[in-house]
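One letter stands for each residue in the lines below.
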Amino acid sequence: MNLKSLKVFTFVMEEGSLAGASARLNLSQSAASRLLTLLEDEFEISLFHRDKKRLIPTPEGEQFYPEALRILSQVAEIPTLVGQIKSQTAPPMRIICHSRVVNGLVLPAMKRLAITQPELRMKLDIHPRRDLTRRTLNGLFDICVSTLPLPIEDIEPHVLASTHLHVAVSREHHLADKESLALRDLVQERYIALDQSTVLRHLVDQELARKGLSLTVAHEVSVAAAAHRLVEMGLGFAFADPIALDPELADKVSLIPLSPAARIEFGCFIPNSDRPHSATTAFETAMKEVCRMRLTDGPEDH
């Protein structure tokens, strides 16, 4: 099997075009096309439908894609594995997550684990939530942390905690002293919204539609951390929860329960493997402890 042909195939799947794949590999389009044809001819399989300049994956191509990723990821790991064998060092624990869970959950848990296991090395990769499922296909992770649900085949999530949706406002906001808020209380307020690709935005929009209400978006951002910072600056309110809120904002932002409450779950995924990383269970325990503290005592410093 020609590994470069395999790379062309996976890059076409990711980029959606032969031009994008050839650019990533620094090849001409004709050379990339020949490599793709070589792969199809070798295994007597059609991976794409040709529609003028477009390449549309066939069902066989869709099915082959995750297997191709796994093969390439295993090959890519060989230099690291050899280096570890030579140096006799333990591999780092590879954590992947999306930005919403970084400051309030993942980083505090990493700190806890670093205290109890000072020799442990950790590698953190942060991706948009919509990319996490695809990132897990290559197998290059030991634990994936996310809000739930996250569609990952063949791996059941470990639930870390469940909380409820809150309204985040600055301490100086006129709603900051309210014991609870309903969606109708927010209709005239300046709304800092997450973009429509996020789970939280979908959850809020469903609740609004169910109640026949609408909110006017004053500002829209793609990550929760930016929304929380804009709240701190007094530019409006955002929807948040005690676990995802950056601990540094605990004294600057008020979290007011939303009534009726919408539930949010946080979880992690550990690959099915005969040799899981030795620290994954300890890291999961650390995250559960962070969640417990967030939901009982409020954010801790880190």
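A. Highlighting the packing of aromatic side chains. The full count for this structure, using the stated rule, is 6 aromatic pairs. Arranged with centres 5.2 Å apart and planes meeting at 35°, the rings of F9 and F64 form a pair that is tilted. Here the residue F9 occupies a position in helix α1 (residues 3-15), and F64 occupies one in helix α4 (residues 59-76), the gap between them amounting to 55 residues. Look at F9 and you get buried, because its relative accessible area is 0%. Centroid distance F9 to Y65: 6.5 Å. Interplanar angle 75°. Geometry classified as edge-to-face.

B. Seen up close, the environment of H164. Along the chain, the position of H164 falls in strand β6 (residues 158-164). Sequence separation between H164 and T280 is 116 residues; the distance between their C-alpha atoms is 27 Å. Residue contacts for H164: discarding those within four places in its chain leaves A240, D241, P242, A261, A262 and R263. Engagement of the side chain of H164 in a polar contact is seen with the side chain of R263, the distance being 3.3 Å.

C. Fine view of helix α6 (residues 102-116). With 15 residues, α6 should reach 21 Å at 1.5 Å per residue; the first-to-last C-alpha distance of 20 Å fits that figure. Of the positions making up α6, those classed as buried are V102, G104, L105, V106, P108, A109, M110 and L113. Next to the buried residues of α6 lie β3 (93-97), β4 (122-126), β5 (143-148), β6, β12 (263-269) and α10 (280-296).

What counts, and where the lines are drawn
- Residues numbered from 1 in each chain as written.
- Predicted model: local features only at pLDDT ≥ 70, side-chain atom pairs only at ≥ 80, totals over all residues.
- Heavy atoms only, no water.
- Phe/Tyr/Trp six-rings, centres within 6.5 Å; stacked < 30°, edge-to-face > 60°.
- Helix = DSSP H or I, 4+ residues; strand = E, 2+ residues; numbered from the N terminus.
- Buried < 20%, exposed > 50% of the residue type's maximum accessible area, 1.4 Å probe, protein only.
- Contact = heavy atoms within 4.5 Å.
- Polar contact = N/O pair within 3.5 Å; in protein donor to acceptor, adjacent residues only side chain to side chain.
- Expected span 1.5 Å × (residues − 1).

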